[in-house]
Amino acid sequence: MNFTVWRDALSKKRFVKELKKKILYSKEVIDRRVEELADAISHDLEGKEVVLIGVLKGAFIFLADLTRRLKIPHTVDFVRLTSYGSGLVSSGNINVTKDIETDIEGKEVVIVEDIIDTGITMAFLRERLQKRSPASIRICALIDKKQRREVSFDVDYEGFDLDEGFVVGYGLDFDEKFRCLPDIYVIEE
Ligand code: PRP
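Residues numbered from 1 in each chain as written. Predicted model: local features only at pLDDT ≥ 70, side-chain atom pairs only at ≥ 80, totals over all residues. Heavy atoms only, no water.

A. Quick peek at the environment of Asp103. With respect to the helices, strands and loops of the structure, Asp103 is situated in the loop between β4 (93-98) and β5 (108-116). With relative accessibility at 53%, the residue Asp103 sits in the exposed group. Between the alpha carbons of Asp103 and Pro134 there is a distance of 8.8 Å; along the sequence they are 31 residues apart. From its side chain, Asp103 meets the backbone nitrogen of Glu105 in a polar contact 3.1 Å long. (Helix = DSSP H or I, 4+ residues; strand = E, 2+ residues; numbered from the N terminus. Buried < 20%, exposed > 50% of the residue type's maximum accessible area, 1.4 Å probe, protein only. Polar contact = N/O pair within 3.5 Å; in protein donor to acceptor, adjacent residues only side chain to side chain.)

B. Up close: the nonpolar core. Membership of the largest hydrophobic core comes to 27 residues, with the highest contact counts inside it found for Phe62, Leu66, Ile143 and Ile184. At the level of secondary structure, the elements contributing two or more residues to this core comprise α3 (27-44), β2 (50-56), α4 (60-69), β5, β6 (136-144), β7 (157-161) and β9 (184-187). The dominant element in this core, judged by the number of residues it contributes, is α3, at five residues. When near neighbours in sequence (up to four residues on either side) are disregarded, Ile184 contacts Lys22, Ile23, Leu24, Tyr25, Ile30, Leu142, Ile143, Val167, Val168, Gly169, Tyr170 and Leu172. With 21 residues, the next largest nonpolar core counts Val51, Ile100, Ile116 and Leu125 among its residues. (Core = buried A, V, L, I, M, F, W, Y, C linked by side-chain atoms within 4.5 Å. Contact = heavy atoms within 4.5 Å.)

By themselves these figures say nothing about function.
Right, here's the structure in full:
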């Protein structure tokens, strides 16, 4: 999404090679926060039929950690969304390139995202899932950039509230790189 601006600003090859970044959230800090989120979800949804829906690709590591810390039975599914348009922010033109395969009717859905920025992606997904008559839809986002929100909604489980900065690591990428880093970094340029 907004990485396009970074990518276009500098030569891709040179930029990635010389990229300066510093740790924003260490893996220890992330671990503790994921545990807290898992405890809150486990508490709220105990005894319910729960489906976690991860938004690919960015959420794959967060969801992998979250699912192993939940203390309640649940199933896991994924959706893959891509947007096209302006580049700087989500355009609102969103393609579903991989849909969920679970029947969510009557179930408690928790959407798992790595980061919410404008909120356009999440608003689109929530509205789409709502049409399948789940018992409820909750939103769990590791990073919430509230200041950039263009569509208003509540985030039920928020890991970190980030004002600004382009972040990579722990599933988050810059031009498909850095997803594998165990810590989350902010790019300094
Ligand atoms: C990121 C993130 C959200 C979306 C949030 O995905 O994972 O899905 O952007 O942006 P928004 O709130 O402005 O709509 P991205 O398109 O970077 O794809 P990725 O998950 O494959 O990295």
